[in-house]
Every structure is written in C-alpha cells, then in structure tokens.
Amino acid sequence: MIERSLVIIKPDGVKRCLVGEIIKRFENAGLKIVGMKMVWADKKFAETHYKAHKSKPFFKELVEFITEGPVIAIVIEGVHAVDNVRRLIGSTSPHQAAPGTIRGDFAHISMAYASAKGLGGKNVVHASGSKPEAEEEIKLWFTKQELHSYKTVHEEHVF
Ligand code: UDP
Ligand code: MG
C-alpha cells in the first residue's frame, strides 16, 4: 500500500512562486518527498511524458506550456500516494477543482477557456493518474540514485 507518485510543479506554478506553498500541502499531509529537482524539459522529453495525449487536440499547446519554463519534479511516497496526491491536487480543470485543493486554491480557469485561447491548460501541477503511470513517469524523470529511502517523524505519528 506504500506507493510513489510523480508530482510536477508546472511552469505556471514555478513562475508564480508557489513552489513552497505547494510542497507544504504534501508535507502537511504526512507524505514524504523521496526525490526532487528543477528541470527545464525540452520538447522531445515533454512529448514522451505526455505521450498518452498525443492524439488529443490540446497536445501541441500542452507541450508548449510544459516547456515554457523550468518545472519542479518531485517523487512523493506514502500510503496510497497516487490517490492521495490526486485528492490533494483536485480536478484537472481548475474551475471544477474543489477549494482546499491545489488547483482549486491557486487557479480558476477551465480547460475550455484554455482551448479557446489556443493555450495549454494552466493548472499549476501534474500528478500521476495511476500506479502504472506513476512507475513509468518516475522512471522517465528520475534515476535510481536520485531517489532516497529514509524515515520521517510522520511514519511514527501519522501512519
Ligand atoms: N489539458 C489541456 N486541455 C484539456 C485537457 C487537458 O490543456 O482540454 C492539459 C492540462 O494541463 C492537464 C494535462 O493536459 O493537466 C494532462 O491532461 P490529463 O487529462 O492527464 O489531466 P491531469 O492528469 O493532469 O489531471
Ligand atoms: Mg493525467
């Protein structure tokens, strides 16, 4: 039940200086950071990351958006980490993301608005959608040496 999930603070989150605010949400919940770095993804890397969306009408704009500046890539570990991280980030379209979630608190636009403007949907963060997706994404973004095993106090008090 202990899982790892990939979180990316997207270029809009980095440029808006929300990195600390976002990381705090995961740490407050007792989830553990086991890997973290700043990366400026190139087009090819972004296309690989989002390959499942290759045939979607928003693919080109999405790749442009995710490569417009550096991102923070984080591997988060915890009990049901994939579902828990998705719960904390909220729905894909910020206008449907509940208040209290990262997307609901730090953005408000809809994917429809972004599409109408010919832009990628700026929703502050990415998180793996399933356990297999998480395993594939973590392998793409991190080497084994960049991931760490250690104990947090939460393992005694929150687990
Ligand atoms: N996206 C977009 N337009 C859409 C749907 C999605 O620009 O109509 C972008 C948005 O940034 C989203 C990403 O594509 O986060 C990946 O879409 P997915 O459905 O996987 O949502 P997520 O898993 O990020 O919630
Ligand atoms: Mg997804």
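Residues numbered from 1 in each chain as written. Chains lettered and ligands numbered in written order. Predicted model: local features only at pLDDT ≥ 70, side-chain atom pairs only at ≥ 80, totals over all residues. Heavy atoms only, no water.

1. Remarks on the pattern of salt bridges
Worth spelling out the cut-off: Between Lys or Arg on one side and Asp or Glu on the other, a salt bridge is scored when a side-chain nitrogen of the former is within 4 Å of a carboxyl oxygen of the latter. Secondary structure is summarised from DSSP: a helix means a run of H or I of at least four residues, a strand means a run of E of at least two, and numbering begins at the N terminus for each.
For the coordinates displayed, the defined rule picks out 12 salt bridges. Of the charged contacts in the structure, one is a salt bridge between Glu68 and Lys15, with a shortest N-O distance of 3.1 Å. Separated by 53 residues along the polypeptide, Glu68 in the loop between α4 (59–66) and β3 (71–79) and Lys15 in helix α1 (residues 11–15) bring together distant segments of the chain. In this structure, Lys51 engages Glu136 in a salt bridge whose closest nitrogen and oxygen atoms are separated by 2.2 Å.

2. A short note on the site of ligand 1
Going by this rule: Here a residue counts as near a molecule or strand whenever at least one of its heavy atoms sits within 4 Å of it. Counting of polar contacts relies on pairs of N or O atoms within 3.5 Å, with two restrictions inside protein: one atom must be capable of donating a hydrogen and the other of accepting it, and residues adjacent in sequence are counted only when both atoms are side-chain atoms. Put simply, the grid is 1 Å and covers the protein atoms alone, a cavity is a trapped set of points that fit a 1.4 Å probe, a pocket is an open set with protein on both sides within 12 Å along at least five of seven lines, and lining residues have an atom within 4 Å of a point. Any molecule with more than half of its atoms within 2 Å of a cavity's or pocket's grid points is counted as sitting in it. For this classification, the nonpolar set comprises Ala, Val, Leu, Ile, Met, Phe, Trp, Tyr, Cys and Pro, the charged set comprises Asp, Glu, Lys and Arg, and every other residue, Gly included, is treated as polar.
In the vicinity of ligand 1, the contacting residues are Lys10, Tyr50, His53, Phe58, Leu62, Arg86, Thr92, Arg103, Met111, Gly120, Gly121 and Asn123. In the environment of ligand 1, an oxygen atom lies 2.9 Å from a nitrogen or oxygen atom belonging to the side chain of Lys10. More than half of the atoms belonging to ligand 1 lie within 2 Å of the grid points that define the largest pocket. The residue makeup of the shell around ligand 1, split by class, is 4 nonpolar, 5 polar and 3 charged.

3. Examining the sheet that holds strand β1 (residues 2–9)
Defined as follows: Paired strands are those between which DSSP finds at least two bridges. Axis lines are fitted through C-alpha atoms, for helices just across the contact stretch, and the angle between N-to-C directions can take any value from 0 to 180 degrees.
Judged by pairing direction, the sheet is antiparallel, and its 4 strands sit side by side in the order β2-β3-β1-β4 without closing on themselves. Across the chains shown, the open sheet's two edge strands, defined by having one partner strand only, are β2 (32–39) and β4 (125–127). For this sheet, the mean angle separating the axes of adjacent strands, direction not counted, is 20°. Pairing between β1 and β3: 8 bridges, direction antiparallel.

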